[in-house]
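Below, each chain spelled out in residue letters.
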Amino acid sequence: MSATKKLNQAVVVITGASRGIGVSIAHSFAKAGSSLCHIARSAPELKALQQELIRVYMVSVEVWTADITDIARVTSVAHEIEVCYGRVDVIVNNAGIIQFDLVENVNVQGWWRVMEVNLLGPVTLTRALLPRMLEQGAGTIINIGSRLCGGSAKYLSAYACSKTALL
């Protein structure tokens, strides 16, 4: 069976789907015919993307507004996705933020927020959906990383640390 055929039948969960790379990822999976579950903080952008993907690709698209660092909310969304679709074939942990500053000047709460979004969020969602994938005996988890993984970044310490930890 071809990869496109498999994607045509896939249920794909995408975080950070309302902007940037997330929108491109959503279009790629929609073009392949996947059913999409989008999670992001921005309801207006999510709804607009949902309508566009349904109109252009005629695929199933459901959206959930959530802060990926809210463990209870993410766990609830994961349960709703399982109820709605009965399975999850692909998780794309795309949601992420960045903070530009030198470590000696950084706001520690802001630095930690980057770690929460870029690391805690993917771990929380994966942990919530992984039992379903294990039960199915199949699934793919895609974590969006960075070329900064394992390297140094003078103004991007939180981002580099979070993406290295995710890797």
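Residues numbered from 1 in each chain as written. Predicted model: local features only at pLDDT ≥ 70, side-chain atom pairs only at ≥ 80, totals over all residues. Heavy atoms only, no water.

- Regarding the protein, the relevant UniProt record gives this comment under Sequence similarities (unreviewed entry): "Belongs to the short-chain dehydrogenases/reductases (SDR) family." (UniProt positions renumbered as here; feature names shortened; annotations may be inferred.)

**Digging into the packing of helix α4 (residues 71-85) against helix α5 (residues 108-136)**
And then number 1: Between α4 and α5, the shortest axis-to-axis distance is 9 Å and the interhelical angle comes to 35 degrees. Crossing of α4 over α5 shows right-handed handedness. For the pair formed by α4 and α5, the contact residues are I71, V74, T75, A78 and E82 on the first element and L120, T124, L125, A128, L129 and R132 on the second.
And then number 2: When grouped by side-chain class, the residues that make up the contact of α4 with α5 number seven nonpolar, two polar and two charged. (Axes fitted to C-alpha atoms, helices over the stretch in contact; angles between N-to-C directions. Helix = DSSP H or I, 4+ residues; strand = E, 2+ residues; numbered from the N terminus. Left-handed = near helix turned anticlockwise from the far one by under 90°. Contact = heavy atoms within 4.5 Å. Nonpolar A, V, L, I, M, F, W, Y, C, P; charged D, E, K, R; others polar.)

**Some words on the sheet that holds strand β5 (residues 140-143)**
And then number 1: Read across the open sheet, the five strands follow the order β3-β2-β1-β4-β5; overall the sheet is parallel. Pairing within the sheet leaves two strands with one partner each, and these edge strands are β3 (61-65) and β5. Sheet twist, expressed as the average angle between the axes of neighbouring strands with direction ignored, equals 15 degrees.
And then number 2: Looking at chain direction, strand β4 (residues 90-93) and β5 are connected through four bridges and run parallel. Pairing of V90 across the sheet is with T140, part of β5.
And then number 3: Contacts between helix α2 (residues 20-31) and the sheet are confined to β1 (11-15), β2 (35-40), β4 and β5, with β1 contributing the most and set at about 170 degrees to the helix.
And then number 4: Each of β1, β2 and β3 touches α4; the most contacted strand, β3, lies at about 160 degrees to it. (Pairing = 2+ DSSP bridges.)

**With respect to α5**
And then number 1: Helix length check: α5, at 29 residues, gives a terminal C-alpha distance of 41 Å against a target of 42 Å (1.5 Å per residue), a fit within 8%.
And then number 2: In α5, a bend of some 40 degrees at L129 exceeds every other bend along the element, and P131, a proline, comes one to four places later.
And then number 3: Regarding α5, the residues found buried are V114, M115, V117, N118, G121, P122, T124, L125, T126, A128, L129 and M133.
And then number 4: Against the buried residues of α5 lie β1, β2, α4, β4, β5 and α6 (157-166). (Expected span 1.5 Å × (residues − 1). Bend = angle between axes of the 7 residues up to and from the residue. Buried < 20%, exposed > 50% of the residue type's maximum accessible area, 1.4 Å probe, protein only.)

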